[in-house]
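# Structure at a glance
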Amino acid sequence: MSRHKLNFEELFSGIWTFKRQVSHFDVLITGKAFFTKTEDSILYTENGTYQLHGECQTCFQKHIYKVTAYTFKIFKNDGVLLHEGNIEKNTTFPTTLQHQHHCKDDTYNCLWMFHTRNQFETLYTVIGPKKNYQISTLFIRMDNDKP
């Protein structure tokens, strides 16, 4: 069995489904995520739904990815850097990356688990004076005709 090399330009493309568990509210969010190439970046958008207090809620996120084959940076819409990661040239699936950043008094520990070209997970652990929760998300490629 050959091991495929991880390449962020190939990975961060296409249409994905996601399932996100938020421990703080014990909420399961499901939806679709889209990686759309633009002139100088990749636009990430997601739309999801979840039940909270018996009501169906919707959510939406949009981020800008600056990606090369072996590096990525994720920015909020206002240009603030959220996350970054890099891999060695010959890294194969599966692999894991970590990143930590601070936002005011809170610490965000981010873990990316890249299983295959068609599946990866993220795990955020958020700790602060008034925060202590995890957000785990499983992404599965819908247009999985990628080699």
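Presented here is an overview of the structure given in this document. Predicted model only: the values in this text are computed from it and were never measured. (Residues numbered from 1 in each chain as written. Predicted model: local features only at pLDDT ≥ 70, side-chain atom pairs only at ≥ 80, totals over all residues. Heavy atoms only, no water.)

### Observations regarding the packing of aromatic side chains
Tallied over the entire structure, the rule returns 17 aromatic pairs. Pairing Phe8 with Phe72 gives two aromatic rings, centres 4.8 Å apart and planes at 75 degrees, and the pair type is edge-to-face. Of the two residues, Phe8 is situated in helix H1 (residues 8–11) and Phe72 in strand E5 (residues 71–75); the sequence distance between them amounts to 64 residues. On the basis of relative accessibility, which here comes to 0%, the residue Phe8 falls in the buried class. The buried category is assigned to Phe72, whose relative accessible area is 1%. A centroid spacing of 6.2 Å and a plane angle of 45 degrees characterise the contact between Phe18 and Phe139, whose relative ring orientation is tilted. Within this pair, whereas Phe18 is found in strand E1 (residues 14–22), its partner Phe139 is found in strand E10 (residues 131–141), the two being separated by 121 residues in sequence. The class of Phe18 is buried, set by a relative accessible area of 2%. Grouping aromatic residues by their ring pairs yields a cluster made of Phe8, Phe12, Trp16, Phe18, Phe35, Tyr44, Tyr65, Phe72, Trp112, Phe114, Phe120 and Phe139. (Phe/Tyr/Trp six-rings, centres within 6.5 Å; stacked < 30°, edge-to-face > 60°. Helix = DSSP H or I, 4+ residues; strand = E, 2+ residues; numbered from the N terminus. Buried < 20%, exposed > 50% of the residue type's maximum accessible area, 1.4 Å probe, protein only.)

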